Amino acid sequence: MGRDAARRRGALRLIPASAIIAVGRGRGSEEQALFDRYAARLRPPPRLVEIAEAHGTPAEAKRREASAILAAVPEGAVLVALDLGGVEETTEAFARRLTRWRDAGKTVAFAIGGAEGLDAAVLARAQHVLAFGRATWPHLLVRAMLAEQLFRADSLLRGHPYHRAGRP
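Residues numbered from 1 in each chain as written. Predicted model: local features only at pLDDT ≥ 70, side-chain atom pairs only at ≥ 80, totals over all residues. Heavy atoms only, no water.

Student: Help me understand the overall build of the protein chain, please; the structure alone is not making it clear to me.
Tutor: Of the regular secondary structure elements, the protein chain holds six helices and five strands. Secondary structure elements in the protein chain, listed N-terminal to C-terminal, are α-β-α-β-α-β-α-β-α-β-α. Evaluated residue by residue, the protein chain yields a buried proportion of 45% over its 168 residues. Contacts spanning at least 24 positions in sequence make up 82% of the contacts within the protein chain whose residues lie at least 6 apart. (Helix = DSSP H or I, 4+ residues; strand = E, 2+ residues; numbered from the N terminus. Buried < 20%, exposed > 50% of the residue type's maximum accessible area, 1.4 Å probe, protein only. Contact = heavy atoms within 4.5 Å.)

Here is the structure:
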C-alpha cells in the first residue's frame, strides 16, 4: 500500500499521541459533546484528564491547579499551555509543529487552566504557549476548539479536504 493510501486509511499516525489536561468538569455539557465528537475522529484519540477546580484566593487556586496539572503531564511529554498570552499560529503552522514532535517520538500534553488561568509554574514548564486569539474563551469551549484543531491538523496532514487551504 502506498503512503498516500495508508494515510487515507489511517495506517500512519500523523499527529502525536496527546493528553489534554483541563481544569473543570465537562460532564453532560454541549461543549463536552462537541469535544467528544472531534476527539473520536482522531487515532489515537486524545486522553482527557480533568482536574478539579481549586478553591481559595485566585493565587491559591492557580497554585493548587498547577500542582495537579503538572502531576498529570506524562513523563517526557512536550507540554503546551493554552493561554491568552501565547503564540497565535495558523492551522498549517500548528500541524507542522505537531509533525516535528511526532517525528521526535514525543507525546504532547495540552494544559487548559481554570477560571483564573494557568499558574506561572505551568507556563514556565511549557515548551510552547498557544493562544486561540486574544479573546477570552470559556474553558469548556477551549477543549472543543483544541480537539477540532487537532482533527483539522490531522486532516491537513492526510490531505483530506476538511481543511480548506487558501481561505482567508
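Let's pick the thread back up.
Student: Whenever I open this one, the sheet that holds strand β4 (residues 108-112) confuses me. Can you help?
Tutor: Note on sheets: strands pair through backbone hydrogen bonds, and any given pair is parallel or antiparallel. Reading across the sheet, the five strands line up as β2-β1-β4-β3-β5 and stay open at both edges, with parallel pairing between neighbours. The sheet terminates laterally at β2 (47-51) and β5 (128-130), the two strands that pair on one side only. In this sheet, neighbouring strand axes are inclined to one another by 30° on average, regardless of whether the strands run parallel or antiparallel. Where strand β3 (residues 78-87) and β4 come together, five bridges link them in parallel fashion. By the bridge assignment, Leu 79 is partnered in β4 with Ala 109. Contacts from helix α3 (residues 58-72) reach β1 (18-23), β2, β3 and β4 within the one sheet, and its direction differs from that of β2 by about 155°. (Pairing = 2+ DSSP bridges. Axes fitted to C-alpha atoms, helices over the stretch in contact; angles between N-to-C directions.)

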